[in-house]
Amino acid sequence: MVSARSGLPPDSLRRTALDSLLRVQCPEYTTVRIGSILFVGNAVTKERVLRAELDFQEGDTLTTVALARRLELNRRRLFNLQLFHQVLVQAVCREGTLTVLFSMQERWYTFPIPIFSLADRNFRSWLDRSDRWSRLDYGVHIVRRNFRGRNEQVLANIQLGFNRKYELFYEAPGYGKRRRIGVGGGISYYQSHALDYITLRDRLVNFRQEDGFPIERQYATAGIRWRRTVQHRTALDVSYHRERVSDSLYDRNPSYYLGGPRRQYIEISLVSTLNQRNTFAYPLTGQFAEVGVAYRGFLTAGSPPITTLWGRYAKYVALGGPFYYSVGVQGRARLARQVAYADNRAFGYEVLVRGYDAYVIEGRQYGLIQQGVTYRLFDAGRVKLRGINNAKINSIPLVVYLNTFVDVGYVRNPSVASVTNRLANRTLASSGLGVHVATYYDWVFTLEYTRTIQGQGGFFFRTQFPI
């Protein structure tokens, strides 16, 4: 058997030489028929889960000129299920009939991960706290991926310490023969000894309450998923939320919630995602697009409804050799007559102009552009660990990249007090140089040095691909 060859670059965590001798095997055929599709190595994963990702089946006729690329694209679909360390494709042609074999190495699917983390947005904001050593969380985070061999996921959190969190979530990507319709749901309970309740000089001001908890949140969510493949899915979710802040905190900022220290609301969201990146963990080629809309209707008086629109697009291009280019654009608009302080977040939380980690910028609308050039500095392939016989954990992929980047962002907030908060309604920009390490189980670690347009600079550590 021989591998199919593709003009596409390999995914970032593997090194495989692709070759095709199909024309030699069946030189007189311009089309071939798929006779059989075989899977090897899926001891846990159900075969129907894998077949649902393929865009061909037994009996289909394919042209030989496009066959190698077609096989490679389907191999990547299986790899991007993120259930396997590696996926290989091989093919044999006999008298115009093709046998296709996908071989894979399954991952370890159960992860009881101890929680020991900082009770802040990032490391820089944690360092700024005078009581930093008491602001620690501990507990256990349990994930069961590929539950029942059907690519389902069960997640549980038991977190104690400064922030207390108890959560249980279930996600099923798809049911049925083609696995097109899925479900998701979960419940969460959270409380903390402290809460950031206002922003002054573009930094959060913290309130700590010795007796009781200044913040408590509960919610339950359920939804439906429409899933064509691992690359294209749409999710409709409905959630119910109950939130409360203490009277002491509400007295300090009556606009933290509108209408009182307690509120309840129902939120409906619709999100569609197209993910055509070569790998989801550290993409080098392909594209990503996501659009969403959410409506939040309050069940308590004093808060007008909020409609939120957002979108994101990213493109990844191979420049030749070890060089790659990436660009990402995203934005959000929140439509409402009035929003509470807790709902007016923009940069500094999930979205960030790199280099402004110590700051937060409030506003209903924002836009962000990120660009980067990546150089593959070192590729060790897979490092074998001696003395460990389990193939699921004894092979560590290791690739190191050098990355240079530029970020530009803008937050619009007409009501901001310019005397106290000066980063809204102005262009924010930064540039920098970073080292990215892509390794075990889709983990990505980045160490970056960044300078902002205001002349501030520093080193920042992150744990995900930035674009």
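Draft legend 1. Local environment of the overall build of the protein chain. Each helix and strand counted, the protein chain has five helices and 25 strands in total. Burial analysis of the protein chain (467 residues in total) assigns 48% to the buried set. For the protein chain, restricting intrachain contacts to residue pairs at least 6 apart in sequence, the fraction spanning at least 24 positions comes to 60%.

Draft legend 2. Looking closely at the packing of aromatic side chains. Evaluated as defined, the whole model comprises 15 aromatic pairs. Their ring planes at 25° and their centres at 6.3 Å tell us that Y166 and Y189 sit as a pair that is stacked. You can see Y166 sitting in strand β9 (residues 163-175) and its partner Y189 sitting in strand β10 (residues 181-192), a full 23 residues away along the chain. According to the relative accessible area criterion, Y189 is partly exposed, its value standing at 26%. In this structure an aromatic cluster arises from ring pairing among Y282, Y316, Y401 and F465. Its end group placed over the ring of F405, R354 keeps NZ or CZ at 3.9 Å from the ring centre.

Draft legend 3. Local environment of the confidence of the model for the protein chain. Here the protein chain averages 87 in pLDDT, and 87% of its residues register 70 or above. Ignoring residues within four places in sequence, the model shows residues 1-10, a span with pLDDT below 50, making 40 contacts including any to other chains.

Draft legend 4. Molecular detail of the pattern of salt bridges. Applying the stated criterion across every chain yields a total of 19 salt bridges. Across the pair R51 and E47 runs a salt bridge, and its minimum N-O distance is 2.8 Å. Residue R51 and its partner E47 are both found in helix α2 (residues 47-51); the two are separated by four residues, about one turn of the helix. A relative accessible area of 25% places R51 in the partly exposed class. We note a salt bridge from R227 to E53, for which the minimum N-O separation is 2.7 Å. Of this pair, R227 sits in strand β13 (residues 215-229) while E53 sits in the loop between α2 and β3 (61-63), and the two are 174 residues apart along the sequence. Judged by relative accessible area, which is 9%, R227 ranks as buried.

Draft legend 5. Here's a closer look at the nonpolar core. Counting residues in hydrophobic clusters, the biggest one holds 27 residues, and the most contacted among them are F39, L78, F84, L98 and F102. Only β2 (31-40), α3 (67-79), β4 (84-94) and β5 (97-106) provide two or more residues apiece to this core. Broken down by element, the residue count for this core peaks at five residues, all from β4. When neighbours within four sequence positions are excluded, L78 is seen to be in contact with F39, L50, E53, L54, F84, V87 and F102.

Draft legend 6. Main features of the environment of T374. Looking at the secondary structure, you find T374 in strand β21 (residues 365-384). Judged by its relative accessible area of 3%, T374 falls in the buried class. When the C-alpha atoms of T374 and N403 are compared, they prove to be 4.4 Å apart, with 29 residues separating the residues in sequence. When residues no more than four places from it in sequence are discounted, the contact partners of T374 are Y282, P322, F323, Y324, Y401, L402 and N403. Looking at T374, its side chain comes within polar contact range of the side chain of N403, at 2.9 Å.

Draft legend 7. Here's a closer look at the side chain of D196. Tracing the backbone shows D196 in strand β11 (residues 194-200). At 2.9 Å, the side chain of D196 forms a polar contact with the side chain of N206.

Draft legend 8. Region of interest: the pairing of strand β8 (residues 152-161). Looking at chain direction, strand β7 (residues 136-147) and β8 are connected through 10 bridges and run antiparallel. Across the sheet, V140 pairs through a bridge with I158, a residue of β8. Where β7 folds back on β8, the antiparallel hairpin that results is connected by four residues, among which R148 adopts a positive phi of roughly 60°. In the sheet, β8 pairs with β9 via seven bridges, with the strands oriented antiparallel. By the bridge assignment, Q159 is partnered in β9 with K165.

Draft legend 9. Here's a closer look at unusual backbone geometry. Although it is not a glycine, Q82 adopts a positive phi angle of roughly 60°. Of note in this structure, R148 is not a glycine but carries a positive phi near 60°. Within the element layout of this structure, R148 appears in the loop between β7 and β8. Judged by its relative accessible area of 40%, R148 is partly exposed.

Scoring rules and cut-offs
- Throughout, residues of each chain are indexed from 1 in the direction in which the sequence is written.
- Confidence filtering applies because this is a predicted model: local features only for residues at pLDDT of at least 70, side-chain atom pairs given and counted only at 80 or more, and all residues used for totals across whole chains, interfaces and linings.
- Hydrogens and water molecules were not included; the side-chain quantities draw on all heavy atoms of the structure.
- Helix and strand definitions here come from DSSP, where helices need a minimum of 4 consecutive H or I residues and strands a minimum of 2 consecutive E residues; each element is numbered from the N-terminal end.
- Accessibility here uses a 1.4 Å probe with only protein chains present; expressed as a share of the type maximum, an area under 20% marks a residue as buried, one over 50% as exposed, and anything in between as partly exposed.
- Every residue pair with non-hydrogen atoms within 4.5 Å of one another is taken to be in contact.
- A pair of aromatic rings is counted whenever rings of Phe, Tyr or Trp (Trp by its six-membered ring) have centres within 6.5 Å, and the orientation is called stacked for planes under 30 degrees apart, edge-to-face for over 60 and tilted otherwise.
- Geometrically, a charge over a ring is one whose NZ (Lys) or CZ (Arg) sits within 6 Å of the ring centre while staying within 35 degrees of the ring normal.
- The predictor's confidence in any single residue is recorded as pLDDT, a number from 0 to 100.
- When a carboxyl oxygen of Asp or Glu is within 4 Å of a side-chain nitrogen of Lys or Arg, the pair counts as a salt bridge.
- Among the buried residues, those of types Ala, Val, Leu, Ile, Met, Phe, Trp, Tyr and Cys that are joined through side-chain atoms within 4.5 Å form a nonpolar core.
- In protein, a polar contact requires one atom able to donate a hydrogen and another able to accept it; more generally it is a pair of N or O atoms within 3.5 Å, and residues adjacent in sequence count only if both atoms are side-chain atoms.
- Strand pairing is assigned whenever DSSP detects at least two bridges linking the two strands.

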